[in-house]
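Fold and contact review
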Amino acid sequence: MQREALLRVGAQQLSIHFSDEQMKQLLRYVDLLQEWNQRMNLTAITDTQEIITKHLLDSLSVTSVQAFSETTRVIDIGTGAGLPGIPLAILYPQVQFTLLDAVRKKITFLEEVKTQLSLQNVHAIHGRAEDYARQLEHREQYDLALSRAVALLPTLVEYALPFVRVGGFFIAYKGETVFQEIEQATPAIALFGGTLDAVHAVRTPTDKLHYLVAIRKISTTPEKYPRKAGKPSKQALLSAARE
Ligand code: SAM
């Protein structure tokens, strides 16, 4: 199937409509991913159809469970080459997206994507989640945190929940280990001020099941979290014992 047709059919399944301009931006993003991937390791998926289904449409699947409005502030933690942030920023040009990654070359790539696609609503920042989450301009400032393929859930909630305002949500894209990860993350979710809201099973256009874990922020994250950079991944908080 032609790449534009594949994108349109997949979008229809997700009840998304793209303008011609948005379609051009998405396809240009695919081109840039493929061009830059020859020089640097941005994504293991290089086939055009797979980039569309496994990256773009998968990223956009969150629209079936989460509403986005002009006032929604979103952070994508460990965005890598811009997933899920870039496809969502193209779909919702009125929504502000902060894309965070610890690897500088990925931020350089995202700056190029911003320029080439004329995206005014993307702010790409370089650094670790644990460090940014301590800064006042980021701490508890987001209505929605998203993260895809970054860490196991007990670690991920320590990265993400400090960014979310009370009343906001963290949504993690997860695969088939989801229920085991949730079980292990239960004490950490509570410790950082969250509660499990829902686990949505989403069928992607590849027909593979994936899950969107929605965690609602119900109380402020204690000041001492997240712990210093590196600690959440080395030693995730798996029990209620506090450090
Ligand atoms: N989210 C993208 C996707 O779905 O393709 C990228 C996934 S990639 C496997 C994981 C990314 O998370 C890497 O680019 C890595 O640099 C970033 N990352 C991991 N831990 C991080 C942290 N503590 N703070 C910021 N970025 C982090």
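Just above sits the structure.
To keep things clear, this report deals only with the structure shown in the data block. Owing to the predicted nature of the structure, the values given are computational and were not obtained by experimental measurement.

Remarks on the pattern of salt bridges
As enumerated under the stated definition, the model contains 14 salt bridges in all. For Asp20, the salt bridge is made with Arg8, and the minimal N-O distance between the two is 3.3 Å. In this pair, Asp20 is assigned in helix 2 (residues 20-37) and Arg8 in helix 1 (residues 3-13), connecting sequence segments 12 residues apart. Looking at Asp20, the relative accessible area reads 58%, which means it is exposed. Among the ionic contacts, a cluster of salt bridges with common partners joins Arg3, Arg28, Asp31 and Glu35.

Focus on the environment of Leu7
The residue Leu7 is located in helix 1 in this model. Given a relative accessible area of 0%, Leu7 falls into the buried group. Every residue in contact with Leu7, bar those within four places of it in the chain, is listed here: Phe18, Met23, Leu26, Leu27, Ile52, Leu56 and Leu57.

A short note on the sheet that holds strand 1 (residues 73-77)
On the basis of which strands lie adjacent, the open sheet formed by seven strands has the order 3-2-1-4-5-7-6 and mixed pairing. Both edges of this open sheet fall to strand 3 (122-126) and strand 6 (194-203), since each of them pairs with a single strand only. Pairwise comparison of adjacent strand axes, ignoring direction, gives a mean angle of 20° for this sheet. As judged from the nine bridges shared by strand 6 and strand 7 (residues 209-217), these two strands associate in the antiparallel manner. Considered in strand 7, the bridge of Gly194 is made with Lys217. Packed on one face of the sheet, helix 3 (residues 48-60) meets strand 4 (142-148), strand 5 (164-174) and strand 7 and runs near 155° to strand 4.

Scoring rules and cut-offs
Residues numbered from 1 in each chain as written. Predicted model: local features only at pLDDT ≥ 70, side-chain atom pairs only at ≥ 80, totals over all residues. Heavy atoms only, no water. Salt bridge = Lys/Arg side-chain N within 4 Å of Asp/Glu carboxyl O. Helix = DSSP H or I, 4+ residues; strand = E, 2+ residues; numbered from the N terminus. Buried < 20%, exposed > 50% of the residue type's maximum accessible area, 1.4 Å probe, protein only. Contact = heavy atoms within 4.5 Å. Pairing = 2+ DSSP bridges. Axes fitted to C-alpha atoms, helices over the stretch in contact; angles between N-to-C directions.

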